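# Fold and contact review
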Amino acid sequence: MAEGGERSFARRDRLLLIESQAQKLWAENGVFEAESRDSPPKYGEKFFGNFPFPYMNGYMHLGHAFSLSKLEFAAAYHRLRGANVLLPFGFHCTGMPIKASADRLTREIENDRNPSVEGGNDEAEGKVEGQSEGDQTQPPGNYKSKKSKAVAKSGGVMSQWEIMQSYGLSDEEIAKFTDPYHWLTFFPPLALDDLKAFGLGCDWRRTFITTDMNPYFDSFVRWQMRKLKEMGKIVKDLRYTIYSPLDGQPCADHDRASGEGVNPQEYTLIKMEVISPFPPKLSSLQGKKVYLAAATLRPETMYGQTNCWVLPDGDYGAFEINDTDVFILTKRAARNLAYQNLSRHPYKEPEALLELKGQDLIGLPLKSPLAFNDIIYTLPMMSVLTDKGTGIVTSVPSDSPDDYMALHDLKAKAPFRAKYGVKDEWVLPFEIIPIIHHPDFGDRSAERICIEKKIASQNDREKLDDAKKIIYKGGFYEGTMLVGEFTGMKVQEAKSLIRNQLLDLGLAVGYSEPEKKVVSRSRDECVVALTDQWYITYGETEWKKAAEECLASMNVYSEESRHGFEHTLSWLNQWACSRSFGLGTRIPWDEDFLVESLSDSTIYMAYYTVAHILQKGDMYGGDRSNIKPDQLTDEVWDFLFVGGPYPKSSDISSSVLNKMKQEFEYWYPFDLRVSGKDLIQNHLTFCIYNHTAIFPRKHWPRGFRCNGLIMVNSEKMSKSKGNFKTIRQAIEEFSADATRFALADAGDGMDDANFVFDTANAAILRLTKELTWMEEVISVESSLRKSSPTTYADRVFANEMDIAVKVTENSYSEYMFREALKSGFYDLQAARDEYRLSCGSGGMNRDLLWRFMDVQTRLIAPICPHYAEHVWRELLKKDGYVVKAGWPEAGTPDFTLKKANTYLQDTIVSMRKLMQKQVTGSKKGKANASNAQNKPTTGLIFVNEQFDGWKRECLRMLQSKFDASTGAFAPDGEILVELQKSEIGQAANFKQIQKLCMPFVRFKKDEVKTVGVQALELRLPFGEIQVLTENVELIARQLGLDCVEVLSVADSDSVSRAGDHASVLNSNPPSPGNPTAIFF
């Protein structure tokens, strides 16, 4: 943090020292260790919150800290108010990322190392020629990595070695990470230390890691999987799934470097047969059945084909599908087909019989299924995509605006045809064939919309994309078939029938590919594969119904979040739960496979309740002195978690079994799970499903709170932008409490939040300055006013504290921490500062200041607990721990008094501006010398406490035209009629009355939206004269006047006091809430 012209870290270092002292105190006294109680908790007596355990392939960063802070603040609030709080934390190591990174590091070392140069050679690049890749003669600690040529040419993609170097690891340390289990012993302890330094109020006795390295958790997951299989919720099936050929297994969301949430997209692959004889380029394929394979989402439109499109410069190949058939398409599509058993060599990388360019295919005569044209031709199209579908596109110009314009361009532009060698007879004879009646655009919908939108060519992309959406949507949902076997049928009904007919007749095949590009963590571009493996049957009708019931009973804290869950439940289907590669727990009945990472993390919240008894605080489960892993039979788990009978055959002592069961029954269900919104589409919905399957209804989850992602300084967090921070780095730079302060200030809700470095730095200054102020106040305690709080300023300050307590409690309970920070810290400090200015010569009240320090310390404790603990024990000399001090007591807030004080402060501000203008004599503030010498010494404040005359009539009229139940006024026309009929409307020219009254009417209507219906009252809810009179000393002091008087315009004698300034009262008459001041 900058202080003056140089950087000083004294303030930050003071906070760091306070934090280390507080953490030592909490650890030594087990402050955050949670124990169940003998009797079941009543509502609100306990709070069990948890957080998706982070993946341990690196350090935890601000993104983790942001989501975690929401849980930490919530748990701290409940602990402060007196609840028994359990916040546990585990570390996820299941899945392929760690194994993939370890293997990648191994490959890099094998490919880059040079045993002839001790310690490595910075000049060397790549593997020395002739060296065995399996050579293990050189000890792994005696070399350095160098980028291979492949990495050097990869456009800046970091090698795994470089990634590990970025963690600050030495070469000797990096070499150890070729063992995937080394990651499990290295990163989790560091994460635990970072979270302790962060001040996380966690019961660390219950922490654990996943995978079979922890035999206790491994037993728990095996039990869970067996339970699901017994219920018929895990089945073996042949299904399409996103798949990594390099890894040789499905690639689920958490196995992906990019493409999370992407699913298989199903197409119909139309077999467009190339008519013999083949052109010279294809002569080697003579004797085989050769097809251009076009992927379509609209098989019902095939009747209207006029041609086929290819990209002239696109890369294509001829690939064997079986002994007789050859498909021409892109290699990417052939790769997908190979993993869907549509290849002569399935589940292997496809080899092209022939490599082709799109230009080689132009002019090929084709016989296409369902087409009314016996022969169609292959033609060039500039917008064909080769990274989606097969690169071969059917053309139906009756219903596709793209096809219509591309065919139109070829027909209209002879030079265009000549450029690509297109003969006239391939194009000119082919006309539009109406096949679908569109409700808005008729039988030739594509032609009509292109004409109406004045689309000039196939390059007019924006208009074409818009036209495509309109035609496809209307044609599919409301269109009617005009041709074929299903004439007269709705298109959306006919589609599946036509597709099935094409498949049954062998005229097409099913084909799937990822909706978007998916890259696995091993850097492999994924395909869609047809795999026979174990699936969890999410989406099954009865199970889905139970999941929907669970969601309906839960608090998810926002409609956006609820809609996200509802949408996920609407589409989620069978989920591949087994993997052959990575780390984790073996499928109990099929140990060649592992449980994938999103399937072993759905009910582990229950494991937290007994982990401390099983593992005795060892996150790896190495301490087996209490219970041995093999004692945890299914009968034991059933007894603990699902109401099973007492396991009589178990040799675990009954006291231990009953203690574990009590722990679970006391803490479950969990009250809150906090997560980023990206996990709604998988992990969180899986959590709902698994709980409804395994646990009774009383143990279903109670709440999920989802948040957006975190920006840093208004940009995406990135090392290249210099705004990437690990938790440890943030603590070292800002301190834990300043980091937590900035996280609370970053934002709540589902929108992306913004962590700002300047806010964290400002928090350092605010917190340390507040410490100094409190120390100074305590040092001068004897000089403070000792009497009971009696003054107006006392009452206002006490009321502001009452309001802060109530408003902050509401914000914390709704988990709106930015609002809690505002009311519990910013607003409270502003009230203290105002009180300090308001007290004057009488001084501040000692009891109020001590109450302020107590209240502020408790309200900020969930966010800045170390700072609060220091104040609580060292400055206020209180017993116990601030984190368990209890919510501060407060009286009923007096909002009328708050309004009165706001009125007072606003009046002082407006009077100061008015007097300054009178003194300077210029709007620009240039002082007039004579005016400055004659600075006013006396102020008269004229007050009118009630609206009268035409304003009174307008307010009464608005009161009668306001519907309190809807919060709305009658239409303006009705108000005008009422105004015209009123006494003032009849008294003079109505246009003049309207000009006079309507601005006031509009102002009051707008004011109602801001402050409520009380804006229509004839007078304020407090006595203005009383408020101002009680504070004339304050007003005089603030304005630098010798004398201030408060007068009523209703008193003629008082008005006469204005003397020569009486014109001011006429030009600017006072009204309720707006007194008029005169200075002389």
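Thresholds, definitions, all that
- The numbers attached to residues start from 1 for each chain and follow its sequence in the written order.
- Confidence filtering applies because this is a predicted model: local features only for residues at pLDDT of at least 70, side-chain atom pairs given and counted only at 80 or more, and all residues used for totals across whole chains, interfaces and linings.
- Side-chain metrics in this entry use all non-hydrogen atoms of the structure; hydrogen atoms and water are not considered.
- The way it works is that DSSP assigns letters per residue, a run of H or I at least four long becomes a helix, a run of E at least two long becomes a strand, and they are numbered from the N terminus.
- Think of it in three bands: residues with accessible area under 20% of the maximum for their type are buried, residues over 50% are exposed, and the middle band is partly exposed, with areas taken using a 1.4 Å probe on protein chains only.
- Contacts between residues were defined by any pair of non-hydrogen atoms, one from each residue, lying within 4.5 Å.
- All accessible-area figures derive from a Shrake-Rupley calculation using a 1.4 Å probe, and residue coverage is judged against the displayed protein chains alone.
- In this charge count, Lys and Arg are treated as positive and Asp and Glu as negative; neither His nor the chain ends contribute.
- The atoms used to mark charge sites are NZ of Lys, CZ of Arg, CG of Asp and CD of Glu.
- By convention, a stacked pair of Phe, Tyr or Trp rings (six-membered ring in the case of Trp) has centres within 6.5 Å and planes under 30 degrees apart, an edge-to-face pair has planes over 60 apart, and any other such pair is tilted.
- Think of it as a cone above the ring: NZ of Lys or CZ of Arg counts as a charge over the ring if it is within 6 Å of the ring centre and within 35 degrees of the ring normal.
- Throughout this description, the term salt bridge denotes a Lys or Arg side-chain nitrogen within 4 Å of a carboxyl oxygen of Asp or Glu.
- One bridge is not enough; two strands pair if DSSP finds at least two bridges between them.
- Only the stretch in contact is used when a helix axis is fitted, and all axes are lines through C-alpha atoms; the angle between N-to-C directions ranges over 0 to 180 degrees.
- When residues are sorted by character, Ala, Val, Leu, Ile, Met, Phe, Trp, Tyr, Cys and Pro go into the nonpolar class, Asp, Glu, Lys and Arg into the charged class, and all the rest, Gly among them, into the polar class.
- Using protein atoms alone on a 1 Å grid, points that fit a 1.4 Å probe yet trap it form a cavity, whereas open point sets bounded by protein on both sides within 12 Å along at least five of seven lines form a pocket; residues with an atom within 4 Å of a point count as lining.
- Grid points are joined across faces, edges and corners, and a volume is the space filled by probe spheres set on the points.
- Here, the term nonpolar core denotes a set of buried Ala, Val, Leu, Ile, Met, Phe, Trp, Tyr and Cys residues that are joined through side-chain atoms within 4.5 Å.
- Two N or O atoms count as a polar contact when they lie within 3.5 Å, although within protein this holds only if one can serve as hydrogen donor and the other as acceptor, and sequence-adjacent residues are included solely when both atoms are side-chain atoms.
- For every residue, the predictor assigns a confidence score, pLDDT, that lies between 0 and 100.
- Should an angle fall under 35 degrees it is called roughly parallel, over 145 degrees roughly antiparallel, and 65 to 115 degrees roughly perpendicular, with every other angle called oblique.
- Helix crossings get a hand from a simple test, with the near helix turned counterclockwise from the far one by less than a right angle marking a left-handed crossing and a clockwise turn marking a right-handed one.

## A few points about the overall build of the protein
- Scanning the protein for helices and strands turns up 38 helices and 35 strands.
- Summarising its shape, the C-alpha atoms of the protein cover approximately 120 × 85 × 65 Å along the three principal directions.
- The buried share of the protein, reckoned over its 1080 residues, is 54%.
- For the protein, contacts bridging at least 24 residues in sequence account for 75% of all contacts bridging at least 6.
- Accessible area for the protein stands at about 46,400 Å²; split by element, carbon and sulfur atoms hold 49% of it.
- Side-chain charges of the protein comprise 130 positive and 147 negative groups, with the mean position of each set lying 3 Å from the other.

## Points about the packing of aromatic side chains
- Inspection of every chain in the model, using the stated rule, returns 75 aromatic pairs.
- Ring geometry for Tyr267 versus Tyr511: centroids 6.1 Å apart, planes at 40 degrees, classification tilted. Of the two residues, Tyr267 sits in strand β8 (residues 264–274) while Tyr511 sits in strand β19 (residues 508–514), which places them 244 residues apart along the sequence. For the pair shown, Tyr267 and Tyr511 are each scored as buried.
- Just above the ring of Tyr291 sits the side chain of Lys271; from NZ or CZ to the centre is 4.8 Å.
- Over the ring of Trp872 we find Lys878, and its NZ or CZ is 5.2 Å from the ring centre.

## Some words on the pattern of salt bridges
- For the structure on display, the rule yields 68 salt bridges.
- Residue Arg728 is joined to Asp194 by a salt bridge in which the shortest nitrogen-to-oxygen separation is 2.9 Å. Taken as a pair, Arg728 in helix α22 (residues 727–734) and Asp194 in helix α7 (residues 180–198) lie far apart in primary sequence, 534 residues in all.
- Residue classification places Asp194 among the buried residues on the basis of a relative accessible area of 6%.
- Among the salt bridges present, the one from Lys878 reaches Asp854, with a minimum N-O distance of 3.3 Å.

## Examining the pairing of strand β15 (residues 376–380)
- Judged by how many residues are buried, β15 sits mostly within the fold: five of five residues are covered.
- Bridge count for strand β10 (residues 307–310) against β15 is four bridges, and the pairing is parallel. Bridged to Cys308 within β15 is Thr378.
- Taken together, the two bridges between strand β14 (residues 365–367) and β15 define a ladder with antiparallel strand orientation. Each bridged residue has a counterpart across the sheet, and for Leu366 the counterpart in β15 is Ile376.

## What about the packing of helix α23 (residues 736–745) against helix α26 (residues 817–838)?
- Where α23 meets α26, the axes come as close as 7 Å, and the angle between the chain directions of the two elements is 115 degrees. For the pair α23 and α26, the contacting residues are Phe741, Ala744 and Asp745 in the first and Phe817, Arg818, Leu821, Phe825 and Tyr826 in the second.
- The residue inventory of the contact of α23 with α26, partitioned by class, reads six nonpolar, no polar and two charged.

## Comments concerning the layout of surface pockets
- Quantified by volume, the second largest pocket comes out at close to 1,400 Å³.
- What lines the second largest pocket is a set of 38 residues, among which Tyr267, Leu297, Lys388, Lys468 and Tyr472 lie closest to the centre.
- Along the lines of polarity and charge, the residues of the lining of the second largest pocket split into 14 nonpolar, ten polar and 14 charged.

## Comments concerning the sheet that holds strand β24 (residues 586–587)
- With respect to topology, three strands assemble into an open sheet ordered β23-β25-β24, the strand pairing being antiparallel. Unpaired on one side and paired on the other, β23 (578–579) and β24 mark the two borders of the sheet.
- Bridge count between β24 and strand β25 (residues 590–595): two bridges; the pairing is antiparallel. Note that in β25 the partner of Ile587 across the bridge is Asp590.

## What about the sheet that holds strand β27 (residues 704–707)?
- Taken together, the four strands give an open sheet; going across it, the order is β4-β3-β26-β27, and neighbouring strands pair in parallel fashion. The sheet is open, and its two borders are formed by β4 (84–86) and β27, each paired with just one other strand. Strand-to-strand, the axes of this sheet are offset by a mean angle of 20 degrees, without reference to chain direction.
- Here strand β3 (residues 46–50) pairs with β4 via three bridges, running parallel.

## Considerations on the nonpolar core
- In terms of nonpolar packing, the biggest core is built from 119 residues, with Phe89, Phe91, Leu195, Phe755 and Leu849 touching the most fellow members.
- In terms of residue count, the dominant contributor to this core is helix α2 (residues 62–80) (ten residues).
- Here Leu195 is in contact with Met60, Leu68, Phe89, Phe91, Leu200, Trp204 and Ile727, once residues within four sequence places are set aside.
- Listed in part, the 72 residues of the second largest apolar core include Leu228, Ile587, Phe639 and Cys706.

## Remarks on the side chain of Asp247
- Structurally, the position occupied by Asp247 is in the loop between β5 (234–244) and β6 (249–250).
- Of the side chains with opposite charge, Arg107 lies nearest to the buried Asp247, which makes no salt bridge, at 7.1 Å.
- At a separation of 2.7 Å, a polar atom in the side chain of Asp247 contacts the side chain of Ser522.

## Let's talk about the confidence of the model for the protein
- Confidence in the prediction of the protein, expressed as mean pLDDT, is 90, and 94% of residues score 70 or more.
- The model gives residues 1–5 a pLDDT under 50, and that stretch makes ten contacts with residues more than four places away or in other chains.

## Some details on the pairing of β8
- Two elements, β8 and β19, share seven bridges in a ladder whose sense is antiparallel. Bridge pairing in β19 places Pro264 opposite Pro514.
- Looking at chain direction, β8 and strand β9 (residues 289–296) are connected through six bridges and run antiparallel. What sits directly across from Thr268, in β9, is Thr296.

## Notes on the environment of Pro365
- Within the secondary structure, Pro365 is located in strand β14.
- Residue classification places Pro365 among the partly exposed positions, given a relative accessible area of 21%.
- Distance from Pro365 to Val274, taken between C-alpha atoms, is 6.0 Å for residues 91 residues apart in sequence.
- When neighbours within four sequence positions are excluded, Pro365 is seen to be in contact with Glu273, Val274, Ile275, Ile375, Ile376 and Tyr377.

## Section: the packing of α26 against helix α27 (residues 846–860)
- In contact at an axis separation of 9 Å, α26 and α27 are set at 160 degrees when each is read in the N-to-C sense. Put simply, α26 runs roughly antiparallel to α27. At the point where α26 passes α27, the crossing takes the left-handed sense. Only Leu848, Leu849, Phe852, Val855, Gln856, Leu859 and Ile860 of α27 make contact with α26, whose side of the interface consists of Leu821, Gly824, Phe825, Leu828, Gln829, Arg832 and Tyr835.
- Along the lines of polarity and charge, the residues of the contact of α26 with α27 split into ten nonpolar, three polar and one charged.

## Some words on unusual backbone geometry
- Omega for the bond connecting Ser276 with Pro277 falls within 30 degrees of zero, at 0 degrees, which places this linkage in the cis form.
- Note that the residue after Tyr668, namely Pro669, is joined by a cis bond; omega there is 5 degrees.
- Structurally, Pro669 is set in the loop between α20 (654–667) and β26 (672–676).
- Of note, the phi angle at Asn341 is positive, near 65 degrees, even though the residue is not glycine.

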